[in-house]
Amino acid sequence: MNHPQQRRAGSIGLLVLPLLCLVGSLVGAAEPADTPTADPAQNQAQPSAVPHQPPAPVDPPVELPSPPAAPAAEQPTVTEQPTPAATQPTPDEPVPDEPAEESTDESDPDALAADEDAADGKQSDGLPLDDLRTFAEVFGRIKSDYVEDVDDRELLASAIRGMLGGLDPHSSYLDPDAYRDLRVGTTGEFGGLGIEVGMEDGFVKVIAPIDDTPAQRAGMQAGDLIVRIDGKPVKGMSLSDAVALMRGKPGSKIELTVVREDAGNPLNVTIIRDVIKVASVRSRTLEPGYGYLRISNFQARTTEDLLAEVAELKAANVDGLKGVVLDLRNNPGGVLNSAVGVSDAFLDEGLIVYTMGRDEEGKLEFRAGPDDILDDAPLAVLVNGGSASASEIVAGALQDQRRAVIMGEKTFGKGSVQTIVPIDDRTALKLTTARYYTPSGRSIQAMGIEPDIELARGNLDVQTEPDVAPLKEADLMRHLEDAEDSDTEQLDANDAENPADGDDATPLAAEDYQLSEALNVLKGLNLFRGASAPQP
């Protein structure tokens, strides 16, 4: 087939010229590359410390803050400067080979380096115009040669997504749908499956299933790789496309084909979509004096909910709390301020976390105030590979401040902060703006938190009592009698006639082995502290 090259070249030139003019104006108006587009203190006041890719979720991210109102300080500062586009040749004009009018001293190394950069089409203080010409050329080629007509806005939006997606796994462009979902997600109610996901090797990886959601009830686990969605291969899809496929009307079915590390063959998991209402904090009493706190993710009201749950635990244990297990397993993260608030609740002083951006001036520190809500009672924190971002901030702070024993498995290792920068009322950027560090200066990025006590993941089978009781000293003939032997025998007889309530209940070790071990550690700490367990 013959291609009208001349006609296309002319049309491309017409398309490229306006783009170059726009680029030229941007070059003239842009601040230096190391100047932030928003006040770091304002932007990072409510950043997210959440996984997501991780933390980009199937459901709207729960590890990110509600986007702040767009103050004037968050808008890029644009200054009026001369536009250099007029001095640059268009793609249809030859680049002049003549040297610049100002001669360069060959003995000046800096000047020679500048000449070399100019010869390569580089600009030290501006945008790379040669590369922008290439972008404009590609844009024009798509408009003229692509098999179907493509809307200009969609092409430019795709270019923006590509720019942000090439930075790191967590920066992204939030179109109107994604921006709305993010704002809904931090409030704790949204529609979907109830899993936090990211991309790995072209497949969708489950970071963590959210408690009491369809995904958790269907058996989805942290680390699962989703390779097919309703029979459609995931390989080659963008994360947003895969997310769109997994969303749907509440009550509808979806089948996920999952590859699991310890399974020989792929698994087909059927899930019924539902409206997800996430209660970020739950509590219960494990034994008299010992409480359990579960934080499934960090939402805007997580700190307030935590304080309310601790108050309920104290009311249920009138003799006082002797220890608490804080469960952060499979918690994908959330709002940074909530992670700071939860850490502060268990500390009475000291540094919680600090963030560092590109400049030293961008350092932000978060410190604990007085009043430990547990009054220094022992604290054990459970984590695993699904504990990410804000969860790692809490675990790292309590570990470095020697306030808690961290137990379980190595955490996910997301140590970056994402800031939501609104572009307008409908769209925004989710941009990685800083790394965060624990009080001792550890970076968690790609490293994670190492537990103080490592616990294997698995189930514990509790053996049943044998039909024949084992022989004891008291069963031997002519054994020596103790002065209180008769009283003990009477007590044993009474216990046999009136068994304690709950003897037939499943032991905690069989229900949750890691939780059982954490409870044992709390009991051991109390023994060494000289604290006696309260009487039921």
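The shown structure was predicted, so the numbers you read here are calculated from the model rather than taken from an experiment.

About the cut-offs
- Residues numbered from 1 in each chain as written.
- Predicted model: local features only at pLDDT ≥ 70, side-chain atom pairs only at ≥ 80, totals over all residues.
- Heavy atoms only, no water.
- Helix = DSSP H or I, 4+ residues; strand = E, 2+ residues; numbered from the N terminus.
- Areas by Shrake-Rupley, 256 points an atom, 1.4 Å probe, with all protein chains shown as cover.
- Phe/Tyr/Trp six-rings, centres within 6.5 Å; stacked < 30°, edge-to-face > 60°.
- Buried < 20%, exposed > 50% of the residue type's maximum accessible area, 1.4 Å probe, protein only.
- Lys NZ or Arg CZ within 6 Å of the ring centre and 35° of its normal.
- Salt bridge = Lys/Arg side-chain N within 4 Å of Asp/Glu carboxyl O.
- Polar contact = N/O pair within 3.5 Å; in protein donor to acceptor, adjacent residues only side chain to side chain.
- Contact = heavy atoms within 4.5 Å.
- Patch = residues over 30% accessible without salt bridge, like charges linked within 9 Å, V, L, I, M, F, W, Y side chains within 5 Å.
- Lys, Arg positive; Asp, Glu negative; His and termini not counted.
- Charge placed at Lys NZ, Arg CZ, Asp CG, Glu CD.
- Core = buried A, V, L, I, M, F, W, Y, C linked by side-chain atoms within 4.5 Å.
- Pairing = 2+ DSSP bridges.
- Right-handed = clockwise from strand over helix to strand, strands pointing away.
- Axes fitted to C-alpha atoms, helices over the stretch in contact; angles between N-to-C directions.
- Parallel < 35°, antiparallel > 145°, perpendicular 65-115°, else oblique.
- Nonpolar A, V, L, I, M, F, W, Y, C, P; charged D, E, K, R; others polar.
- pLDDT = per-residue confidence, 0-100.
- Expected span 1.5 Å × (residues − 1).

1. Some thoughts on the overall build of the protein
If you tally the helices and strands in the protein, you get 14 helices and 19 strands. Here the protein displays about 29,600 Å² of accessible surface, and carbon together with sulfur accounts for 51% of that area.

2. Section: the packing of aromatic side chains
Applying the stated criterion across every chain, the model contains 1 aromatic pair. With a centroid separation of 5.3 Å and 15° between ring planes, the pair formed by Tyr-354 and Tyr-437 is classed as stacked. Taken together, the residues Tyr-354 in strand β13 (residues 351–356) and Tyr-437 in strand β18 (residues 428–437) connect sequence positions 83 residues apart. An identical accessibility class is assigned to Tyr-354 and Tyr-437; each is buried. We note Lys-235 situated over the ring of Phe-203; from NZ or CZ to the ring centre the distance is 5.0 Å. A cation over a ring is seen here: Arg-284 above Tyr-292, with NZ or CZ 5.3 Å from the ring centre.

3. Digging into the pattern of salt bridges
In the structure shown here, the tally under the stated rule is 22 salt bridges. The shortest N-O distance in the salt bridge between Lys-143 and Asp-152 comes to 2.7 Å. In this structure Lys-143 comes out as partly exposed when scored by relative accessible area, which is 24%. Between Glu-511 and Arg-284 there is a salt bridge; the shortest N-O distance is 3.2 Å. In this pair, Glu-511 is assigned in helix α13 (residues 508–511) and Arg-284 in strand β10 (residues 281–287), connecting sequence segments 227 residues apart.

4. Some points on the side chain of Asn-384
The residue Asn-384 is located in the loop between β15 (379–383) and α11 (390–400) in this model. Of note is the side chain of Asn-384, whose polar atom sits 3.0 Å from the backbone nitrogen of Asn-330. If we skip the residues at most four places from it in the chain, Asn-384 touches Arg-329, Asn-330, Glu-409, Lys-410, Thr-411 and Phe-412.

5. Re a negative patch on the surface
A cluster of like negative charges, contributed by Asp-348, Glu-349, Asp-371, Asp-375 and Asp-376, occupies part of the molecular surface. Looking at the element boundaries, Asp-348 is found in the loop between α10 (336–346) and β13.

6. Details of the nonpolar core
Among the nonpolar cores identified, the biggest contains 41 residues, and Leu-306, Leu-326, Phe-346, Leu-374, Leu-379, Val-381 and Leu-398 are the most heavily contacted of them. For this core, the elements supplying multiple residues, two or more each, are β11 (290–295), α9 (302–316), β12 (323–327), α10, β13, β15, α11 and β18. If near-sequence neighbours (up to four positions away) are discounted, Leu-306 is found in contact with Val-281, Leu-293, Ile-295, Val-342, Ala-345 and Phe-346. In this structure, Val-197, Leu-239, Val-243 and Leu-256 belong to the second largest nonpolar core, which totals 19 residues.

7. A look at the pairing of β11
Along β11, 6 of the 6 residues are buried, which leaves the element largely enclosed by surrounding structure. Burial of the side chains of β11 extends over both faces: Tyr-290, Tyr-292 and Arg-294 are buried on one face and Gly-291, Leu-293 and Ile-295 on the other. Here 6 bridges tie β10 to β11, and the two strands are oriented antiparallel to one another. Along β11, the bridge assignment pairs Val-281 with Ile-295. Note: β11 against β12, 5 bridges, orientation parallel. Note on β12: the bridge partner recorded for Gly-291 is Val-324. At this point the chain moves from β11, through α9, to the parallel β12, and the crossover so formed is right-handed.

8. Things to note about the pairing of β12
Burial runs high along β12: 5 of the 5 residues are buried. Burial along β12 is two-sided: Gly-323, Val-325 and Asp-327 and Val-324 and Leu-326, pointing in opposite directions, are all buried.

9. Digging into the packing of α9 against α10
For the pair α9 and α10, interaxial distance at closest approach is 8 Å and the crossing angle is 30°. Classified by the angle between their axes, α9 and α10 sit roughly parallel to one another. Mapping the contact onto sequence places Thr-302, Thr-303, Leu-306 and Leu-307 in α9 and Ser-338, Gly-341, Val-342, Ala-345 and Phe-346 in α10. Its residues assigned to classes, the contact of α9 with α10 comprises 5 nonpolar, 4 polar and no charged.

10. A few points about the confidence of the model for the protein
Residues at a pLDDT of 70 or more form 70% of the protein, whose mean pLDDT is 77. Confidence drops under pLDDT 50 across residues 25–107; counting only partners more than four residues distant or on other chains, this segment forms 208 contacts. Taken together, the stretch residues 495–502 has pLDDT below 50 and engages in 0 contacts with residues farther than four places along the chain or on a different chain.

11. A look at α9
Taking 1.5 Å of rise per residue, 15 residues should cover 21 Å, and α9 covers 21 Å from first to last C-alpha, within 8% of that figure. Where the residues of α9 are buried, they touch β10, β11 and α10.

12. With respect to the sheet that holds strand β19 (residues 453–454)
Reading across from one edge, β10-β11-β12-β15-β16-β19 is the order of the 6 strands in this open sheet, with mixed pairing throughout. Two strands lie at the open edges of the sheet, namely β10 and β19, each paired on one side alone. As judged from the 4 bridges shared by β12 and β15, these two strands associate in the parallel manner. Within β15, the position partnered with Val-324 by the bridge is Leu-379. Lying over the sheet, α9 contacts β10 and β11, oriented at roughly 25° with respect to β10.

13. A word on the environment of Ser-440
Within the fold, Ser-440 resides in the loop between β18 and β19. Look at Ser-440 and you get exposed, because its relative accessible area is 52%. Taking the C-alpha atoms as reference points, Ser-440 and Asp-400, 40 residues apart in sequence, are found 6.2 Å from one another. Only 2.7 Å separates the side chain of Ser-440 from the side chain of Asp-400, close enough to count as a polar contact.

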